[in-house]
Amino acid sequence: MQQIFLWKFLIRLMSNTQSMLSPAELRAETASRLWQVIKYEHSESIDNAIKPNLENAEQQSWMSAAIYGCSRYYPRYQNQLVQLLKKPIKDNEGEVKALLILGMHQLSEMKVKAHAAINETVNACKILDKLWAVKLVNGILRNYQRGLETRVHKTELTQYAHPKWIIKQNKLDWPQNWRDILDANNLQAPMCLRVNLQKTTRPEALEKLQNNDIACEAHPTISSAIVLQQAVSVEQIPGFFEGYFSVQDPAAQLAAQLLLEDENDQSLDMLDACCAPGGKTGHLLERMNNSSTLLALDVSAKRLELVHENLERLNFKSDSKKIQIICADAADLNVWNPESKDQKKFDRILLDVPCSASGVIRRHPDIKFRRNLEQVQELTKIQKKILQTMWGILKPGGRLLYATCSVFKLENSLQIQEFLGTTSDAKVLPLNIIDAINTDLGSQIFPGTNDCDGFFYCLIEKKNNS
Ligand SMILES: C[S@@+](CC[C@H](N)C(=O)[O-])C[C@H]1O[C@@H](n2cnc3c(N)ncnc32)[C@H](O)[C@@H]1O
């Protein structure tokens, strides 16, 4: 017996697969990281949970797809589990719940063969030291598998795999489009790049990528964007660390374009009021002329570290004459720009406010179980306060771009409507964003349209006669 074990061990060693986890180990590892994501308190973001990488690249990509997929369909699986279980699984046994969800996901979406999905997930119970759950996981997954072909979704929650409040909010705001929005939220978003047009042209950039076997195409409506056929690691992108490319959704690339459309050769004082992690800050710097200045603020010191990293990669020096980065609450002018001390006013303000992120669920499916309506209502108060404060430091004739990655009207057009109701010197400028819903209260891009995330933009000018 011992000899067989030794032989098996030697064969594994010789075939250089010592870094491979067994199928059951892979499921155990995936379930325990998944539990870190779905556990409400102290939960990890998906990006953090899929790190550190497993040694084997194929297994890493399996685990990453499984964690994203389980999170995407979590509201559905959670609801179905309630039907399948006689009594709920306690939170201190959360890894068993995660194993069940992982099993369901393998069977329904990952198309793993039923016997492998069930047996290896059951075996994972032993690895996680949950022997008590072996029979339970086996029974539930077999039951689930039997019903798969014939199961019909009886509720919108299970059909669209979104929590009720998100479905309700989308229906209320977008009675014609809510189904498409929810469907798009459940699709995987492509990886998109922004070309640094200061350094190269888009055709050259496309050629460079294609010569490195990265299949990609130009974005149909956004001139700096490239859509990759398959996600790659940034290490594989030629010139990434020299600042030729940034990873950024095409809709997010509109911000700098809209704010600087009429820049011409003027020197402008610009403010990026909520800048971290710095995607749009970098783009503003790439586009603005040499005599303009940019002040970038964020309330989160931790997130500002990412801004510094981003700008360094793009070869911009912070704390130079051109760019300054400050950690502060934008709405607290007394701290960073007091009236008493020669208060600075700006020609252009980018206000990419903290929001529900309901437009980027396809990239961050955990939003479905991390957010709730009360939090969104709280966020609207913060948005309102920052918007009002920023208006006070915008120069007459200056422009403020209000942006969210949300599709909820209460963070978008309703927020603007309320602002206009109390601000007589504000004028909304028309934006004709292709394939967006353009209104006189801003433009809404829906998730999935031309491979874009859901974004809202409203460009407001301060009348000169104030
Ligand atoms: C949507 S993100 C900004 C994304 C960023 N513009 C980009 O393109 O990378 C919103 C940011 O607002 C910041 N924030 C939240 N409340 C703030 C406040 N009162 N003042 C300044 N920043 C704030 C958050 O820390 C977060 O980094």
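All figures in this text were calculated on a predicted structure; none of them were measured in a lab. Each chain carries its own residue numbering, running from 1 in the direction its sequence is written. Whole-chain, interface and lining totals are the exception, using all residues; otherwise, since this is a predicted model, local features are given only for residues with pLDDT of at least 70 and side-chain atom pairs are given and counted only at 80 or more. The side-chain values count all of the structure's non-hydrogen atoms but skip hydrogen atoms and water molecules.

1. Considering the pairing of strand β8 (residues 346-352)
Partly exposed residues are those whose accessible area sits between 20% and 50% of the maximum for their type, while under 20% is buried and over 50% is exposed, using a 1.4 Å probe and protein chains only. Put simply, DSSP marks the helices as runs of H or I at least four residues long and the strands as runs of E at least two long, and each gets a number from the N terminus on. Within β8, 7 of the 7 residues are buried, which leaves it mostly tucked inside the rest of the structure. A pair of strands is treated as paired once DSSP finds two or more bridges between them. Where strand β5 (residues 269-272) meets β8, 3 bridges bridge the pair, whose relative direction is parallel. Within the sheet, the bridge partner assigned to Met270 lies in β8 and is Arg348. As paired elements, β8 and strand β9 (residues 394-404) share 6 bridges and run parallel to each other. Residue pairing across strands places Leu350 opposite Leu401, the latter belonging to β9.

2. Observations regarding the packing of helix α5 (residues 74-84) against helix α8 (residues 134-147)
Whenever a helix is involved, its axis is fitted only over the stretch in contact; in every case the axis is a line through C-alpha atoms, and angles between N-to-C directions fall within 0 to 180 degrees. The N-to-C vectors of α5 and α8 enclose an angle of 110°; their axes lie 11 Å apart at closest approach. Relative to α8, α5 is oriented roughly perpendicular. In this structure, α5 contributes Tyr77, Gln80, Leu81 and Leu84 to the contact, and α8 contributes Ile140, Asn143 and Tyr144. When grouped by side-chain class, the residues that make up the contact of α5 with α8 number 5 nonpolar, 2 polar and no charged. Note on terminology: angles under 35 degrees are roughly parallel, angles over 145 are roughly antiparallel, angles of 65 to 115 are roughly perpendicular, and the others are oblique. Contact between two residues is taken to exist if any of their heavy atoms lie within 4.5 Å; hydrogens are not considered. As a working rule, the residues Ala, Val, Leu, Ile, Met, Phe, Trp, Tyr, Cys and Pro are called nonpolar, Asp, Glu, Lys and Arg charged, and the rest polar, with Gly in that last group.

3. Here's the deal with the domain arrangement of the protein chain
As assigned here, the protein chain comprises domain 1 (2-159), domain 2 (192-247) and domain 3 (257-462). Relative placement of domain 1 and domain 3: their C-alpha centres are 40 Å apart. Taken together, the contacts link 12 residues of domain 1 with 9 residues of domain 3. By the criterion applied in these results, polar contacts are pairs of N or O atoms within 3.5 Å in which, for protein atoms, one can donate a hydrogen and the other can accept it, and in which residues neighboring in sequence qualify only through two side-chain atoms. Where domain 1 meets domain 3, there are 2 residue pairs in polar contact (both at pLDDT 80 or more). No other element matches helix α4 (residues 57-72), which puts 3 residues into the side of domain 1 that touches domain 3. The residue makeup of the side of domain 1 that touches domain 3, split by class, is 7 nonpolar, 3 polar and 2 charged. Boundary definitions for the domains trace back to an automatic or database domain assignment.

4. Examining the nonpolar core
Ranked by internal contacts, the top residues of the largest apolar core, which has 56 residues, are Leu401, Ile433, Ile445 and Tyr457. Tallying contributions element by element places helix α13 (residues 254-259) first for this core, with 5 residues. Here Ile433 is in contact with Leu254, Leu258, Asn438, Ser443, Ile445 and Tyr457, once residues within four sequence places are set aside. Residues grouped as a nonpolar core are buried Ala, Val, Leu, Ile, Met, Phe, Trp, Tyr and Cys residues, joined through side-chain atoms within 4.5 Å.

5. Overview of the environment of Ile434
Among the structural elements, Ile434 can be located in the loop between β10 (426-429) and β11 (437-439). Once the C-alpha coordinates of Ile434 and Arg362 are considered, the two residues, 72 residues apart in sequence, prove to be 21 Å apart.

6. Considering the site of the ligand
Near is defined per residue: the residue qualifies when any heavy atom it owns lies within 4 Å of the molecule or strand. As a matter of local geometry, the ligand sits amid 19 residues, with Asp298, Arg303, Asp329, Ala330 and Asp352 nearest to it. One nitrogen or oxygen atom from the main chain of Ala276 is found 3.1 Å from an oxygen atom belonging to the ligand. A distance of 2.9 Å separates a nitrogen atom of the ligand from a polar backbone atom of Ala330. Its free accessible area being 600 Å², the ligand has 86% of it covered by the protein chains. Looking at the shell around the ligand, its residues break down into 11 nonpolar, 3 polar and 5 charged. Under the convention used here, a 1.4 Å probe and the Shrake-Rupley method define accessible areas, while residue burial counts only the protein chains that appear.

7. Notes on the packing of aromatic side chains
Ring pairs shown here join Phe, Tyr and Trp side chains whose ring centres sit within 6.5 Å, with only the six-membered ring taken for Trp; geometry is labelled stacked below 30 degrees between planes, edge-to-face above 60, and tilted in between. Under the definition given, this model contains 9 aromatic pairs. On the numbers, 6.2 Å between centres and 50° between planes, the contact of Tyr73 with Tyr77 is tilted. As far as the burial class goes, Tyr73 and Tyr77 line up, both buried. With 4.9 Å between their ring centres and 85° between their planes, Trp174 and Phe446 make a pair best called edge-to-face. One end of the pair, Trp174, is in the loop between α10 (164-173) and α11 (178-185); the other, Phe446, is in the loop between β12 (442-445) and β13 (455-462), and 272 residues separate them in sequence. A residue is classified by how much of its surface remains accessible, and Trp174, at 9% relative accessible area, is buried. A ring has a charge above it when a Lys NZ or an Arg CZ is no more than 6 Å from the ring centre and no more than 35 degrees off the ring normal. Above the ring of Trp174, the side-chain terminus of Lys409 is found at 4.5 Å from the ring centroid.

8. Side note on unusual backbone geometry
The omega torsion across Lys51 and Pro52 is -5°, close enough to zero to call that bond cis. Of note in the backbone geometry, Asp435 takes a positive phi value of approximately 65° without being a glycine. Along the chain, Asp435 falls in the loop between β10 and β11. Of note in the backbone geometry, Asp451 takes a positive phi value of approximately 65° without being a glycine.

9. Some points on the packing of helix α2 (residues 23-38) against helix α7 (residues 114-127)
Contact geometry for α2 and α7: axes closest at 8 Å, N-to-C directions at 70°. The orientation of α2 with respect to α7, classified from their angle, is roughly perpendicular. Crossing hand, α2 versus α7: right-handed. Across the interface between the two elements, Pro23, Ala24, Glu25, Arg27 and Ala28 from α2 touch Ala116, Glu120, Thr121, Asn123, Ala124 and Ile127 from α7. Of the residues belonging to the contact of α2 with α7, the class tally is 6 nonpolar, 2 polar and 3 charged. In this scheme the crossing of two helices becomes right-handed for a clockwise turn of the near helix relative to the far one and left-handed for an anticlockwise turn of less than a right angle.

10. Focus on the environment of Arg362
Tracing the backbone through its elements, the reader meets Arg362 in the loop between β8 and α17 (367-370). Along the backbone, Arg362 and Pro277 are 85 residues apart, and their C-alpha atoms lie at a distance of 19 Å. The residues contacting Arg362, other than those within four sequence positions of it, are Arg72, Ala184, Asn185, Leu187, Ala189, Pro190, Asp249, Pro447, Gly448, Asp451, Cys452 and Asp453. Engagement of the side chain of Arg362 in a polar contact is seen with the side chain of Asp249, the distance being 3.5 Å. In this structure the side chain of Arg362 is engaged in a polar contact, spanning 3.2 Å, whose partner is the backbone oxygen of Cys452.

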